[in-house]
Amino acid sequence: MLGASPNKRRFSHTCVKSLIRYGYEVIPVGIKQGEIDGNEIISGKPNVKDLHTITIYLNHRNQEEYHDYLINQNPRRIIFNPGAENPNLKKLAQNNGIEVVEDCTLVMLNSGTF
């Protein structure tokens, strides 16, 4: 997850907790240090092998520095949550064979469409 926050009022915080509750392995990446239910929020750009999905909670302006990193991680899917939509990154991902979804990860989890 890109945009993880230690702030319990943020949707990204709730999303990490929900993904864990549904049994998914989560690597929270964010700008602010902290943890979410014992999972340290990692700053920087960790290299992750066999990455299936990146769910993004950063607005498009804060995503700029991550474009190459996200594409080079070669995920199967990128989810742009509301407020994180980014036409440039969407096109770049699609051109690299990455599935792009513009939806709310929390809604997807609760509706069984994740």
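Residues numbered from 1 in each chain as written. Predicted model: local features only at pLDDT ≥ 70, side-chain atom pairs only at ≥ 80, totals over all residues. Heavy atoms only, no water.

Novice: Would you explain the overall build of the protein in this entry?
Specialist: Helix and strand counts for the protein come out as five helices and five strands. What you see in the protein, going N to C, is helices and strands ordered as α-β-β-β-α-α-β-α-β-α. By the compact-globule yardstick of 13 Å for 114 residues, the protein fits well, its C-alpha radius of gyration being 13 Å. Taken over the C-alpha atoms alone, the protein extends approximately 35 × 30 × 25 Å along its principal axes. Of all 114 residues assigned to the protein, the portion counted as buried reaches 45%. Within the protein, residue pairs in contact and separated by at least 24 positions form 48% of the contacts whose partners lie at least 6 positions apart. (Helix = DSSP H or I, 4+ residues; strand = E, 2+ residues; numbered from the N terminus. Rg over C-alpha atoms; globule rule 2.2 N^0.38 Å. Buried < 20%, exposed > 50% of the residue type's maximum accessible area, 1.4 Å probe, protein only. Contact = heavy atoms within 4.5 Å.)

Novice: Please explain unusual backbone geometry as it appears in this structure.
Specialist: Backbone phi values are negative for most residues with the exception of glycine, while trans is the configuration of most peptide bonds. For Asp50, which is not a glycine, the phi torsion comes out positive at approximately 55°. With respect to the helices and strands, Asp50 occurs in the loop between β2 (39-40) and β3 (53-56). In this structure Asp50 comes out as exposed when scored by relative accessible area, which is 81%. At Asn74, a residue that is not glycine, the phi angle is positive and equals roughly 55°. Turning to its location among the elements, Asn74 is positioned in the loop between α3 (67-72) and β4 (77-80).

Novice: Explain the pairing of β3 to me, please; I cannot follow it from the model alone.
Specialist: The two faces of a sheet get side chains in turn, since along a regular strand they alternate between them. Every second residue of β3 is oriented toward a common face, with Thr53 and Thr55 on one face and Ile54 and Ile56 on the other, all of them buried. As defined by bridge partners, β3 adjoins β4 across four bridges and the pair is classed as parallel. Bridge pairing links Ile56 to Phe80 in β4. (Pairing = 2+ DSSP bridges.)

Novice: For this particular structure, what's the right way to read the nonpolar core?
Specialist: Proteins that are soluble and globular tend to have nonpolar side chains buried together. Counting residues in hydrophobic clusters, the biggest one holds 18 residues, and the most contacted among them are Leu2, Ile54, Ile56, Leu70 and Ile78. Of all elements in the fold, only β3, α3, β4 and α4 (87-95) reach the threshold of two or more residues within this core. By residue number, the principal contributor to this core is α3, which donates three residues. Residue contacts for Ile54: discarding those within four places in its chain leaves Leu2, Leu70, Gln73, Pro75, Arg77, Ile78 and Ile79. Within the second largest apolar cluster, 12 residues are counted, among which are Ala4, Leu19, Ile41 and Leu109. (Core = buried A, V, L, I, M, F, W, Y, C linked by side-chain atoms within 4.5 Å.)

Novice: When you look at the sheet that holds β4 in this model, what are you seeing that I'm missing?
Specialist: Consider a sheet: its strands pair through backbone hydrogen bonds, and that pairing is either parallel or antiparallel. If you walk across this open sheet you meet the three strands as β3-β4-β5, and the pairing is parallel. The strands lining the two open edges of the sheet, one partner per strand, are β3 and β5 (99-102). Going from strand to strand, the sheet's axes swing by 15° on average, the running direction of each strand aside. Summarising the sheet, β4 and β5 pair through four bridges and their orientation is parallel. Within β5, the position partnered with Arg77 by the bridge is Glu99. (Axes fitted to C-alpha atoms, helices over the stretch in contact; angles between N-to-C directions.)

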